[in-house]
Amino acid sequence: MPSETEGSTPPGTLQPRQAATLEVNTVTADDVKASLKAGFADFLAHPFMSGFFGLFYAVFGILFVWILVWLEKIWMIIPAVIGFPLVAPFAAAGLYEMSRRMEKNESFGWSDILTVMASQSKREMGWMAFVTLFVFWVWVYQVRLWLALLLQHASFSDFSGFVNIVFFTPEGWAFLAIGTGVGAFLSAVLFSLTVVAMPLLLDREMNFVTAMLTSLRLVAENPVVMLGWAAIISVTMLLSLVPAFLGLIFTLPILGHTTWHLYQRAVPRAEE
């Protein structure tokens, strides 16, 4: 069994243990509601620090879109914006640590949180980042593939032209339908792999394979509730992108803190 991390800061030089099977609890809609309430309370307790992570994520998204426009990769803007929330779980690592410390009534400052985040590069979090970015890369690649197959004869030189072709032509509708189906599948896979994997890696001595298997087991044993939680995350994140990504300043921290509390309810410790 994996052991609970001791001290206020997760160690950065521990060797990961061998993969093991972790128990998971039955998760109900009441658990999700309670976790959302606790996540919102964590946000209100440290709004500026929590909002910093949302702001950083939002600014990164804005710069990402600006670079695509500068490179004249107009076709990538819509899939990049839609796929952008896929990397949110990794961006929320600092929020998990904040909730972990608040739960234990430990004081902390900027240096404490940023130092803990930096230490994760020496542990298994880096592998989870690789998994997340790989799925995002697959998402962008499959969009490019279907674009070439279905819209190969289309011509668009600006964003409005691309939007007109995608939303107002039969070929564009087929592109949207297939892309949405593939995107939903990839999102479901990534959600199942990461929903509690990253909080696990930050909180306990754990290898990333065990963390992902635990996350998959949680979703498999609680499919309705967990997929409902996935729907809440997806809709909230996508709506947050509408006002120039700025909605993420508030929604990312709340969802990140909530994920920590849901993890605490979903994955019991060895002594429990």
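The notes below deal with the structure included here.

## Some details on the packing of helix α1 (residues 29–45) against helix α13 (residues 248–266)
Following both chains from N to C, one finds α1 and α13 inclined at 130°, their axes separated by 7 Å at the closest point. Looking at the two axes, α1 sits oblique to α13. Taken as a pair, α1 and α13 cross one another with a handedness that is right-handed. Every residue of α13 that contacts α1 at D31, V32, A34, S35, L36, A38, G39, F40, D42 and F43 is listed here: I249, F250, P253, I254, H257, T258, H261, L262 and R265.

## Comments concerning the pattern of salt bridges
Tallied over the entire structure, the rule returns 6 salt bridges. Between R101 and E97 there is a salt bridge, and its shortest N-O distance comes to 2.6 Å. Of this pair, R101 and E97 both sit in helix α5 (residues 93–103), 4 residues apart, roughly one helical turn. Among the residues examined, R101 registers a relative accessible area of 2% and is labelled buried. Take E97: its relative accessible area is 0%, and that puts it in the buried class. Notably, a salt bridge pairs R217 with E221, separated by 2.8 Å at the nearest N-O pair. With R217 and E221 both in helix α11 (residues 208–221) and 4 residues apart, the pair spans about one turn of that helix. Classification of R217 as partly exposed rests on a relative accessible area of 27%. Overall, the relative accessible area of 43% leaves E221 in the partly exposed class.

## Observations concerning the environment of V143
Inspection of the secondary structure assignment puts V143 in helix α7 (residues 125–150). Since its relative accessible area comes to 4%, V143 is described here as buried. Taking C-alpha positions, V143 is 9.1 Å from W75, a pair spaced 68 residues apart along the chain. Each residue touching V143, except ones within four places of it in the same chain, is listed here: W75, P79 and F175.

## Things to note about the environment of H261
Mapping H261 onto the fold places it in helix α13. The exposure class assigned to H261 is buried, which follows from its relative accessible area of 13%. In this structure the C-alpha to C-alpha distance between H261 and V32, which are 229 residues apart in sequence, comes to 8.8 Å. Residue contacts for H261: discarding those within four places in its chain leaves S35, A38, G39, D42, S99 and E103.

## Quick notes on the side chain of H257
Looking at the secondary structure, you find H257 in helix α13. Only 2.8 Å separates the side chain of H257 from the side chain of S50, close enough to count as a polar contact. A distance of 3.3 Å separates the side chain of H257 from the backbone oxygen of L95, its partner in a polar contact. Once residues within four sequence positions are removed from consideration, H257 is found in contact with G39, D42, F43, S50, L95, M98, S99 and M102.

## A word on unusual backbone geometry
Positive phi values are uncommon outside glycine, yet N105 reaches one of about 60°. On the secondary structure map, N105 appears in the loop between α5 and α6 (110–119).

## A closer look at the packing of aromatic side chains
Within this structure, the stated rule accounts for 11 aromatic pairs. Pairing F64 with F136 gives two aromatic rings, centres 6.3 Å apart and planes at 50°, and the pair type is tilted. Of the two residues, F64 sits in helix α2 (residues 47–70) while F136 sits in helix α7, which places them 72 residues apart along the sequence. The exposure class assigned to F64 is partly exposed, which follows from its relative accessible area of 22%. For F136, a relative accessible area of 13% translates into the label buried. Note on W66 and W70: the rings are 6.2 Å apart at their centroids and 0° apart in plane angle, and the pair reads as stacked. Of this pair, W66 and W70 are both found in helix α2, 4 residues apart, which corresponds to roughly one turn of the helix. Across the pair, exposure class does not vary: W66 and W70 are exposed alike. Site record: aromatic cluster; members linked through ring pairs are F52, F53, F56 and W110.

The rules behind these values
- Residues numbered from 1 in each chain as written.
- Predicted model: local features only at pLDDT ≥ 70, side-chain atom pairs only at ≥ 80, totals over all residues.
- Heavy atoms only, no water.
- Axes fitted to C-alpha atoms, helices over the stretch in contact; angles between N-to-C directions.
- Helix = DSSP H or I, 4+ residues; strand = E, 2+ residues; numbered from the N terminus.
- Parallel < 35°, antiparallel > 145°, perpendicular 65-115°, else oblique.
- Left-handed = near helix turned anticlockwise from the far one by under 90°.
- Contact = heavy atoms within 4.5 Å.
- Salt bridge = Lys/Arg side-chain N within 4 Å of Asp/Glu carboxyl O.
- Buried < 20%, exposed > 50% of the residue type's maximum accessible area, 1.4 Å probe, protein only.
- Polar contact = N/O pair within 3.5 Å; in protein donor to acceptor, adjacent residues only side chain to side chain.
- Phe/Tyr/Trp six-rings, centres within 6.5 Å; stacked < 30°, edge-to-face > 60°.

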